Amino acid sequence: MFNLLMKDLKLGVNPMFFVFPFVMGALMLIPGWLYFLVVMYFFWVSAPNLFAQFRGANDLLFTAMMPVTKKDMVKARVSVFVILELLHLVIAMIYSLFTVHLYPNVTYHFFAPYMGFWGLNFVMLAIYNIFLFPMFYKTAYKYGTAQFISITAAMVFAGVAQWVGIESPYLYDIFNGAGAHNMTLQISILIAGIVIFIAFTMIAYQIAVRRFLKVEIQ
């Protein structure tokens, strides 16, 4: 599986996709911005281009001719997406450290980029994954509908979370007020988000494998 993953990373992923998180992550330096958008660029730009690139290279048929199992094919492809998702998140988180120190007196109308906010981002990507992979691997070829529904679901979560975060004084305090400086609370939210991301992605992977086993590759 490792060799298959390396094949996907070296041959199937344009090197610009590894540079893109550094470019878009710089948007974290905008004071008081809607920071959910920074991570959303992954599934708006990187993901659809990845699908198009793999499809254009007829990667499915090429990989099927290799001595690998369908399970490993799914595992490698999911791993590629997860690696890029984490790259987008981690780079954005690093930029956010500078943001917090550069603008200590900014009034945040949206979520401030503290650890709890990144927990919400992990949940957003978890929702994206749990819709994307099972739907895509019904055919392992058509990705338009899977992309549309998974992006919509992730954006609905982010939109609702942000709206509630503005309207609810309690949640606003957790993410932007006194609770933002409660390290125990912030770390707890971050860890909860990571756990949900791992759980949802594993569930999505298992469903994707079961569906892909039924697909006839031609």
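The numbers attached to residues start from 1 for each chain and follow its sequence in the written order. It should be noted that, the model being predicted, local features are given only for residues of pLDDT at least 70 and side-chain atom pairs only at 80 or more, the latter also being counted only at that level, while totals for whole chains, interfaces and linings use all residues. Water and hydrogen atoms were dropped before computing side-chain values, which therefore reflect all heavy atoms in the structure.

*Asks:* Please give an account of the side chain of Asp-8 that cites residues and values.
*Replies:* In this description a helix means any DSSP run of H or I spanning at least four residues, a strand means any run of E spanning at least two, and both kinds are numbered starting from the N terminus. Tracing the chain through its elements places Asp-8 in helix α1 (residues 2-12). Throughout this description, buried means an accessible area under 20% of the type-specific maximum (1.4 Å probe, protein chains only), exposed means over 50%, and partly exposed covers the range between. Overall, the relative accessible area of 2% leaves Asp-8 in the buried class. For this analysis, a polar contact is any N or O atom pair within 3.5 Å, provided that within protein one partner can donate a hydrogen and the other can accept it, and provided that sequence-adjacent residues contribute only side-chain to side-chain pairs. Only 3.2 Å separates the side chain of Asp-8 from the side chain of Arg-77, close enough to count as a polar contact. The contact criterion used throughout is that any non-hydrogen atoms of two residues lie within 4.5 Å. In this structure, Asp-8 is in contact with Val-13, Phe-54, Asp-59, Ala-76, Arg-77 and Val-80, ignoring residues within four places of it in sequence.

*Asks:* So what about the nonpolar core? Which residues, and what values?
*Replies:* Buried Ala, Val, Leu, Ile, Met, Phe, Trp, Tyr and Cys residues that are joined via side-chain atoms within 4.5 Å together make up what is termed a nonpolar core. Within the largest apolar cluster, 62 residues are counted, with the highest numbers of intra-cluster contacts made by Phe-43, Phe-81 and Tyr-128. Residue assignment for this core shows that the elements contributing at least two residues are α1, α3 (36-56), α5 (70-102), α6 (115-136), α7 (144-167), α8 (169-175) and α9 (183-212). Examining the composition of this core, we find that eleven residues originate from one element, α6, more than from any other.

*Asks:* So what about the packing of α6 against α9? Which residues, and what values?
*Replies:* Taken N-terminus to C-terminus, the directions of α6 and α9 make an angle of 5 degrees; their axes are 7 Å apart at the nearest point. The pairing of α6 with α9 is recorded here as roughly parallel in orientation. In this classification, Asp, Glu, Lys and Arg are treated as charged, Ala, Val, Leu, Ile, Met, Phe, Trp, Tyr, Cys and Pro as nonpolar, and every other residue, Gly included, as polar. Of the residues contributing to the contact of α6 with α9, the split by class is 24 nonpolar, six polar and one charged. Note on definitions: angles span 0 to 180 degrees between N-to-C directions of axes, and those axes are lines fitted to C-alpha atoms, for helices only across the stretch in contact. Each angle receives one of four descriptions, namely roughly parallel if under 35 degrees, roughly antiparallel if over 145, roughly perpendicular if within 65 to 115, and oblique otherwise.

*Asks:* Residues and numbers for the packing of aromatic side chains, please.
*Replies:* Each pair of aromatic rings taken from Phe, Tyr and Trp, with Trp reduced to its six-membered ring, is defined by centres within 6.5 Å and is described as stacked if the planes are under 30 degrees apart, edge-to-face if over 60, and tilted in the remaining cases. A complete count under the given rule lists 17 aromatic pairs for this structure. When the centroid spacing of 5.2 Å and the interplanar angle of 10 degrees are considered together, the rings of Phe-51 and Tyr-143 count as stacked. Separated by 92 residues along the polypeptide, Phe-51 in helix α3 and Tyr-143 in the loop between α6 and α7 bring together distant segments of the chain. Each ring, one from Phe-111 and one from Phe-117, has its centre 6.2 Å from the other, and the planes form 40 degrees; the classification is tilted. Here Phe-111 and Phe-117 have matching classes, each one buried. Through a chain of ring-to-ring contacts, the aromatic side chains of Tyr-41, Phe-42, Phe-43, Trp-44, Phe-51, Phe-81, Tyr-128, Phe-133, Phe-136, Tyr-137, Tyr-143 and Phe-212 assemble into a single cluster. Charge over a ring is defined by NZ of Lys or CZ of Arg lying within 6 Å of the ring centre and within 35 degrees of the ring normal. Positioned over the ring face of Phe-212 is Lys-70, at 5.2 Å from the centre of the ring. In this arrangement the basic side chain of Arg-77 is found over the ring face of Phe-54, its NZ or CZ atom lying 3.6 Å from the centre.

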